[in-house]
Amino acid sequence: MTPLLLAAVPVVLPFACFLLLGVVWPLRHTGRPAALLSSLVAVVSFLAALFAWEGAPGAGEPALTLTQAWLVHEGVPLAEVGLRLDAVSASMLVVVTFVAACVQVYSLGYMADEPRPALGRYYAWHSLFVVAMSGLVLAPNLLQLLAAWELVGLCSYLLIGYYWTRPSAGKAAVKAVWVTRFADIGLMSGVVLLYAQTGSFDWSAEASPWVAALLFCGVMGKSAQVPLHVWLPDAMEGPTPVSALLHAATMVAAGVYLVVRAWPIFAAAPDVLLVMAWVGGVTAVVAAVTATVQTDIKKVLAYSTCSQLGYMVAGLGSGEMLGGYFHLTTHAFFKALLFLAAGSIIHAVHSNELKDMGGLWSRTRFTGALFILGSLALAGLPGLAGFFSKDLILEELFHAGLYGPLALCLVAAALTPFYMARVVCMAFFGRPSPGAEHAHESPSVMLAPMMLLAVPAVVAGYGGYTFALSLGLDYHFALTPVGIAATALGLGGIAVGVARYGFGRLEGIDLPGVARFVRSGPMDAAWTAGWRSVFLPVAGVVGWVDRYVVDGLVNLFGWGALVLGDGLRGLQTGRVRDYLYAVAVGAVVLAAWGVVGGAS
Amino acid sequence: MSGPGLEAWLGLAGVMFAIGLYGVLTRRNLLAIVVSVELMANAANVNLVAFSKFGGHPSGQATALFALALTVAEVVVGLALIILVARSRKDLHADGLQELKG
């Protein structure tokens, strides 16, 4: 089989599975068979993607494409839809399908107690997500990417609101849609502007910096950059495997992937890159600070995801594509691992709150070891995956002379190990809470995917050279002062975190000022205030125009027709003679007209 | 060929048509209106036959025969309607039929 056909498998097979689960309701309602089918499809998709990656064209070789003209008008198609397999999309496809397969298998254990129809629904959406995300990754141009982008947004909405009986889940789902939709105004405008300027939706097209700026607006929403990150922590209302797949590893990284994909457009816009570096740096720090005082283990990880996405964006802002993309792949592995491990803990103690955990190390040793491994990879411990990619980003920022964002990223590099040490200490060590007394290790169907994810979380960093080579870039690891500083800060963060939280004193020791400020939700409050003071008045004006000008015009025509009809109804007397008179007079007039017309 | 000329026949047809029109417009009895309409239709038939006779082409007469047959059918329908009106209203006054006014 050609690599292109293999790459089509992660699109076609899950779509068939989705249709099957969606249409054949007995299958969906039985739950378990649907789950097994979907998981099997995900695993097959991963294997296909892996072989497609092996056969994918390297740097410099033309991409393999399988496209179909779409919306042909007078022989000229609006755009192409289909698949585009090259070095960039192939590696992302492997990451996406790998994490998706792990998460779906893990869900077999995690969601085992769900009602059967709900489980079928859950897996139907998971299959749809694989389709959407593969379609996004393999998109041959921005138009298809935009469509897939909306589709993953839909899956995100559906899966966040999975526990639909909980009002908070519904609210979180709607919030995710609203915030990303708000950002997508920019993305859509960017796509339209790109088409207006170049007449195509290709990434390699020559476009003005405005296109890059508008596209970046969409990236900020999807990849949860400050100040549009507010939806991501709320999205933790979804089931934990969903958080691992969508809101840590793949969907939120779609924004970063968009920048990588549309790199020719972004590389030509240095001002936008500068903004990206700063936005990313600020996001990295703000989210990391917020993460240090969260009481919910998933919220810690959510803010950590924000922070790491900030890293990626800052890395891309340096003008080098490699660091951000590399960090995307490594982060996908260890953050998915962390979320799945957190899900395993939540499964054991039936609570998200850190105060309901504690002392879990002796009870859930596998989960604990995997969680700590993931934390160390995230913290950037030398030798693990996060270390190499994070170091590369810092190097790139240093070489680009962006010292401000570099400093911000270094602060985040110190805060990341700190809050992860805090979580590890609070969850696994210290005095067990009453709920944690009877905690038990998760079944092997949950542990196995975590162990699989742990492998790349450890070794993915060593693939950097190959990864760079496949993209046609050069990468050699070298320990520089920046890297040493980051490592020292990271180790210091671990030390401080352990010292502060590692000895059983768990109550009231979060940084008091920060805790009070962050927990009051300043960002949400700011958005709410902005909504009240800006959005509502603007919407009011627009609503008035719509109601009285646009609708008014339409109503005017209706009213005119009514008045005209009212005036004309007097002609219809119902008396036959009147009609006959009208016919006779009409005939005479026509005859007269004929005579006069004939004369002229 | 003897007898009246084309103008005489056309004049006859014109007079028949005018009488019919006058009847249609002034009479209020439905039967009288139908009779007047018949008069107008036959005025047209006279025209057809006259033109056929003086134009030397027989198709006009054939058309007149068809028109007669059609007129008979039309009269049947019209009389049936009048009978229905008479049954339901006990009255053949045309101005009373105003239910369809707007």
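**Quick notes on the overall build of chain B**
Thought 1: A tally of regular secondary structure across chain B gives three helices and zero strands.
Thought 2: The helix and strand sequence of chain B, counted from the amino end, reads α-α-α.
Thought 3: What you see for chain B is a C-alpha radius of gyration of 17 Å, clearly larger than the 13 Å of a compact globule of 102 residues, by over 25%.
Thought 4: In terms of its C-alpha atoms, chain B occupies a principal-axis envelope of roughly 55 × 25 × 25 Å.
Thought 5: Among the 102 residues that make up chain B, the fraction classed as buried is 25%.
Thought 6: A fraction of 56% describes how many contacts in chain B between residues 6 or more apart in sequence connect residues 24 or more apart.

**Topic: unusual backbone geometry**
Residues and elements named next belong to chain A.
Thought 1: V226 connects to P227 through a cis peptide bond whose omega is 5°.
Thought 2: By secondary structure assignment, the location of P227 is in the loop between helix 8 (209-222) and helix 9 (231-234).
Thought 3: Its identity as a non-glycine residue notwithstanding, H350 has a phi of 55°, on the positive side.
Thought 4: As for its position among the elements, H350 is in the loop between helix 15 (321-349) and helix 16 (365-379).
Thought 5: Its relative accessible area of 67% is what places H350 among the exposed residues.

**Structural notes on the packing of aromatic side chains**
Residues and elements named next belong to chain A.
Thought 1: Per the counting criterion, the structure on display carries 22 aromatic pairs over all chains.
Thought 2: Their ring planes at 15° and their centres at 4.6 Å tell us that Y195 and F201 sit as a pair that is stacked.
Thought 3: Judged by relative accessible area, Y195 falls into the partly exposed class, the value being 31%.
Thought 4: Each member of the aromatic cluster is reached from another via a ring pair, and the members are Y257, Y325, F326, F467 and Y475.
Thought 5: The ring of Y311 carries the charged tip of K390 above its face, separated from the ring centre by 5.4 Å.

**Looking at the packing of helix 6 (residues 142-160) of chain A against helix 8 of chain A**
Residue and element names in this part refer to chain A.
Thought 1: It is at 13 Å that the axes of helix 6 and helix 8 come closest, and there the two elements cross at 25°. Comparing the axis directions of helix 6 and helix 8 gives the class roughly parallel. Relative to helix 8, helix 6 is oriented so that their crossing is left-handed. Contacts between helix 6 and helix 8 pair L142, W149, V152 and G153 from the former with L215, G218, V219 and K222 from the latter.
Thought 2: A breakdown of the residues in the contact of helix 6 with helix 8 according to their chemical character gives five nonpolar, two polar and one charged.

**Some thoughts on the interface of chain B and chain A**
For an interface, size is often stated in terms of accessible area lost upon the parts coming together.
Thought 1: On the chain A side, the residues contacting the eleven residues of chain B number nine residues.
Thought 2: Carbon and sulfur atoms make up 57% of the surface buried where chain B meets chain A, a total of about 1000 Å² over both sides.
Thought 3: Across the chain B-chain A interface, the total number found is zero residue pairs in polar contact (both at pLDDT 80 or more).
Thought 4: Looking at the side of chain B that touches chain A, its residues break down into five nonpolar, two polar and four charged.

**Topic: helix 1 (residues 6-26) of chain B**
Thought 1: Between the first and last C-alpha of helix 1 of chain B there are 30 Å, a value that for 21 residues agrees with the 30 Å anticipated at 1.5 Å per step.
Thought 2: Along helix 1 of chain B, the residues classified as buried are B:A13, B:M16, B:G20, B:G23, B:V24 and B:L25.

**Observations regarding helix 6 of chain A**
Each α-helix winds once per 3.6 residues, and so residues spaced three or four apart point in a common direction.
Thought 1: The terminal C-alpha atoms of helix 6 of chain A lie 26 Å apart, and with 19 residues this matches the ideal 27 Å at 1.5 Å per residue to within 8%.
Thought 2: The backbone nitrogen of A:L143 lies 3.2 Å from a side-chain oxygen of the residue at the head of helix 6 of chain A, namely A:N141.

**So, the pattern of salt bridges**
Residue and element names in this part refer to chain A.
Thought 1: In total, this model carries seven salt bridges over all chains according to the counting rule given.
Thought 2: In this structure, E237 engages R166 in a salt bridge whose closest nitrogen and oxygen atoms are separated by 3.0 Å. Taken as a pair, E237 in the loop between helix 9 and helix 10 (240-249) and R166 in the loop between helix 6 and helix 7 (167-198) lie far apart in primary sequence, 71 residues in all.
Thought 3: Residue class for E237 comes out partly exposed when judged on its relative accessible area of 23%.
Thought 4: On the basis of relative accessibility, which here comes to 35%, the residue R166 falls in the partly exposed class.

**Comments concerning a nonpolar patch on the surface**
Residue and element names in this part refer to chain A.
Thought 1: There is a patch of nonpolar side chains on the surface, built from L151, L154, Y157, V174, W178, W531, F535 and L536 and spanning about 750 Å² of accessible area.
Thought 2: Broken down by secondary-structure element, the contributors of at least two residues to the nonpolar patch are helix 6, helix 7 and helix 23 (522-568).
Thought 3: Within the secondary structure, W531 sits in helix 23.

**Points about the packing of helix 7 of chain A against helix 8 of chain A**
Helices that pack against each other are described as a pair by the angle of their axes relative to one another and the distance between those axes.
Residues and elements named next belong to chain A.
Thought 1: Two numbers describe how helix 7 lies on helix 8: the axes approach to 7 Å, and their chain directions differ by 155°. In terms of orientation, helix 7 and helix 8 fall into the roughly antiparallel class. Like other packed secondary-structure pairs, helix 7 and helix 8 cross with a definite hand, here left-handed. Listed contacts from helix 8 to T180, A183, D184, G186, L187, S189, G190, V191, L193, L194 and Q197 of helix 7 are W210, V211, L214, L215, C217, G218, G221 and K222.
Thought 2: The class makeup of the residues in the contact of helix 7 with helix 8 is ten nonpolar, seven polar and two charged.

**Structural notes on the environment of A:K171**
All names here are of chain A.
Thought 1: When you line up the elements, K171 lands in helix 7.
Thought 2: We classify K171 as exposed; its relative accessible area is 64%.
Thought 3: Linking K171 and A235, residues 64 residues apart in sequence, is a C-alpha distance of 9.4 Å.

**Describing the environment of A:R28**
All names here are of chain A.
Thought 1: Within the secondary structure, R28 sits in helix 2 (residues 25-30).
Thought 2: On the basis of relative accessibility, which here comes to 21%, the residue R28 falls in the partly exposed class.
Thought 3: Separated by 88 residues in the primary sequence, R28 and R116 have C-alpha atoms spaced 7.9 Å apart.
Thought 4: If sequence neighbours within four positions are ignored, R28 has contacts with L21, G22, A34, R116, P117, G120 and R121.
Thought 5: Within the structure, the side chain of R28 is placed 3.1 Å from the backbone oxygen of L21, a separation counted as a polar contact.

What counts, and at which threshold
Residues numbered from 1 in each chain as written. Chains lettered and ligands numbered in written order. Predicted model: local features only at pLDDT ≥ 70, side-chain atom pairs only at ≥ 80, totals over all residues. Heavy atoms only, no water. Helix = DSSP H or I, 4+ residues; strand = E, 2+ residues; numbered from the N terminus. Rg over C-alpha atoms; globule rule 2.2 N^0.38 Å. Buried < 20%, exposed > 50% of the residue type's maximum accessible area, 1.4 Å probe, protein only. Contact = heavy atoms within 4.5 Å. Phe/Tyr/Trp six-rings, centres within 6.5 Å; stacked < 30°, edge-to-face > 60°. Lys NZ or Arg CZ within 6 Å of the ring centre and 35° of its normal. Axes fitted to C-alpha atoms, helices over the stretch in contact; angles between N-to-C directions. Parallel < 35°, antiparallel > 145°, perpendicular 65-115°, else oblique. Left-handed = near helix turned anticlockwise from the far one by under 90°. Nonpolar A, V, L, I, M, F, W, Y, C, P; charged D, E, K, R; others polar. Buried area = accessible area lost by both parts, 1.4 Å probe. Polar contact = N/O pair within 3.5 Å; in protein donor to acceptor, adjacent residues only side chain to side chain. Expected span 1.5 Å × (residues − 1). Salt bridge = Lys/Arg side-chain N within 4 Å of Asp/Glu carboxyl O. Patch = residues over 30% accessible without salt bridge, like charges linked within 9 Å, V, L, I, M, F, W, Y side chains within 5 Å. Areas by Shrake-Rupley, 256 points an atom, 1.4 Å probe, with all protein chains shown as cover.

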